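# Topology and contacts: notes
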Amino acid sequence: MRLNKMVFYFALAISIVSVSISIFFTFFISNDITAFISNVLLNIFAGTIVLLATSLFDYYLQRRKLLTAIMEAILKYRNIFSKIKFLDLIDKIPIYEECKEYYNNQQNKIEFTQRDYEKQKKKSINKIKENMEKIMDTYIEISYINFSEAWLLWDELYFLKPFDRNKKRKWFYEEIFGYIYNLLNDIKEQAFHFNIYKNEFQNFEVNYEKIVELQKKIFYYEERDAGDYNWNYEVEEFDIRSYADNPINKKHCIVINNIEKHLSKMFVEVGKINYYNKKYDGTAKS
């Protein structure tokens, strides 16, 4: 697209200049020399018209090819980020008083002690630790991704409109290329510490906090009282990656992968541009 755009505007400029000078010579300075120059310029004009047509034709071929490649890249990265699992939060483990009230109200009437609570809490934390190490592996795997091929697509992305100051190209950067690249950099930064945890020193508390901070950029988490479904987030059923009820503290929560949701939206938006179809919904080309 970039080369086609440059050729198109070069040919357009030459054609305008050549035909303008030819008209001027023909109607205002008429002699043998200007007639000869005028004929040469008209031949140049005819050649640039052909060049304009071929560059424009190839532009739209390359446009479709490039935008389709971008849509495929969006799906690729959406699938990559969808593999990330949400790590349960330690501070959401029910407190002793909540557990005591819950278990003491059960039919067996077994008294729930502080010692019972500490055992249960330790078991829950060990489960979180086990899941954290699996999630670390996913982040480490993602950190090895090379974004160079995607930048090559970005480098070719130049639209024909001359007066929009590349607004559409800027939108592609902010919503897709820069968006993914910045997230990959955040993951790579933390994956450095995860590798240390895996291979050298297992500092659970520090790395747990790093994953919690990282997943704030990836997931939306909301907790409400049981029976309250007035989520702050505009929830659609297919957006929810995790839903959990906790009968002990009478809470329930939802987890939504914002990256997956955003890239799904971007796939549709690029499809609308690619297929000149404002009604495109991601399932059909027309």
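On a predicted model such as this, the values are computed, not experimentally measured, just so you know. (Residues numbered from 1 in each chain as written. Predicted model: local features only at pLDDT ≥ 70, side-chain atom pairs only at ≥ 80, totals over all residues. Heavy atoms only, no water.)

Attention now goes to the nonpolar core. In terms of nonpolar packing, the biggest core is built from 57 residues, with Ile70, Tyr77, Phe81, Tyr139, Leu157, Phe172 and Phe177 touching the most fellow members. Excluding residues within four positions of it along the chain, Tyr77 makes contact with Ile145, Asn146, Phe147, Ala150, Ile180, Leu184 and Leu263. (Core = buried A, V, L, I, M, F, W, Y, C linked by side-chain atoms within 4.5 Å. Buried < 20%, exposed > 50% of the residue type's maximum accessible area, 1.4 Å probe, protein only. Contact = heavy atoms within 4.5 Å.)

What follows deals with the pattern of salt bridges. Enumeration over the complete set of coordinates arrives at ten salt bridges. Glu213 serves as the salt-bridge partner of Lys216, at 3.0 Å between the closest nitrogen and oxygen. Residue Glu213 is classed as partly exposed on the basis of its relative accessible area of 43%. Its salt-bridge partner being Glu222, residue Arg224 comes within 2.8 Å of it at the nearest N-O pair. The buried category is assigned to Glu222, whose relative accessible area is 5%. Taken together, the shared-partner salt bridges in this structure form one network comprising Glu222, Arg224 and Asp228. (Salt bridge = Lys/Arg side-chain N within 4 Å of Asp/Glu carboxyl O.)

We now examine the environment of Ile84. Inspection of the secondary structure puts Ile84 in the loop between helix H2 (32-82) and helix H3 (96-104). In this structure Ile84 comes out as buried when scored by relative accessible area, which is 1%. For the pair Ile84 and Ala11, spaced 73 residues apart in sequence, the C-alpha separation works out to 50 Å. Setting aside residues up to four positions removed in sequence, Ile84 forms contacts with Thr138, Tyr139, Ile142, Ile187, Ile218, Phe219 and Asn257. (Helix = DSSP H or I, 4+ residues; strand = E, 2+ residues; numbered from the N terminus.)

Turning our attention to the pairing of strand E3 (residues 251-257). The side chains of a regular strand alternate between both faces of the sheet. Among the seven residues in E3, six count as buried, and that is most of the element. The sheet contact formed by strand E1 (residues 219-225) and E3 spans seven bridges and is antiparallel. The residue bridging Glu223 from the neighbouring strand is Cys253, located in E3. (Pairing = 2+ DSSP bridges.)

Let us now look at the side chain of Ser143. As for its placement among the helices and strands, Ser143 is situated in helix H4 (residues 114-143). The class of Ser143 is buried, set by a relative accessible area of 11%. Of the polar contacts made by the side chain of Ser143, one reaches the backbone oxygen of Ile140; its length is 2.5 Å. Those residues in contact with Ser143, other than ones at most four positions away along the chain, are Ile187, Lys188 and Ala191. (Polar contact = N/O pair within 3.5 Å; in protein donor to acceptor, adjacent residues only side chain to side chain.)

Structurally, the position occupied by Val50 is in helix H2. In this structure, the C-alpha to C-alpha distance between Val50 and Ile140, residues 90 residues apart in sequence, is 53 Å.

Taken over all residues, the pLDDT of the protein chain has a mean of 86, while the share at 70 or more is 92%. Confidence, read as mean pLDDT per element, is least for strand E2 (residues 240-246) in the protein chain (69) and greatest for helix H7 (residues 204-215) (95). (pLDDT = per-residue confidence, 0-100.)

Before going further, it helps to examine the side chain of Glu222. Residue position: Glu222 is located in strand E1. In this structure the side chain of Glu222 is engaged in a polar contact, spanning 2.8 Å, whose partner is the side chain of Arg224. Polar contacts involving the side chain of Glu222 include one to the main-chain amide nitrogen of Asn232, which spans 2.9 Å. When residues no more than four places from it in sequence are discounted, the contact partners of Glu222 are Asn230, Trp231, Asn232, Tyr233, His252, Cys253 and Ile254.

Let us look at the environment of Ala35. Position of Ala35 relative to the elements: it lies in helix H2. Classification of Ala35 as partly exposed rests on a relative accessible area of 37%. In this structure the C-alpha to C-alpha distance between Ala35 and Ser143, which are 108 residues apart in sequence, comes to 67 Å.

A few words on the packing of H4 against H7. Close contact between H4 and H7 brings their axes to 11 Å; oriented N to C, the two are set at 60°. Between H4 and H7, the crossing angle belongs to the class labelled oblique. In this structure, H4 crosses over H7, and the sense of that crossing is left-handed. Residues Ile125, Ile128, Lys129, Met132, Ile135, Met136 and Tyr139 of H4 touch H7, and the partners they reach there are Phe204, Asn207, Tyr208, Ile211, Leu214 and Gln215. (Axes fitted to C-alpha atoms, helices over the stretch in contact; angles between N-to-C directions. Parallel < 35°, antiparallel > 145°, perpendicular 65-115°, else oblique. Left-handed = near helix turned anticlockwise from the far one by under 90°.)

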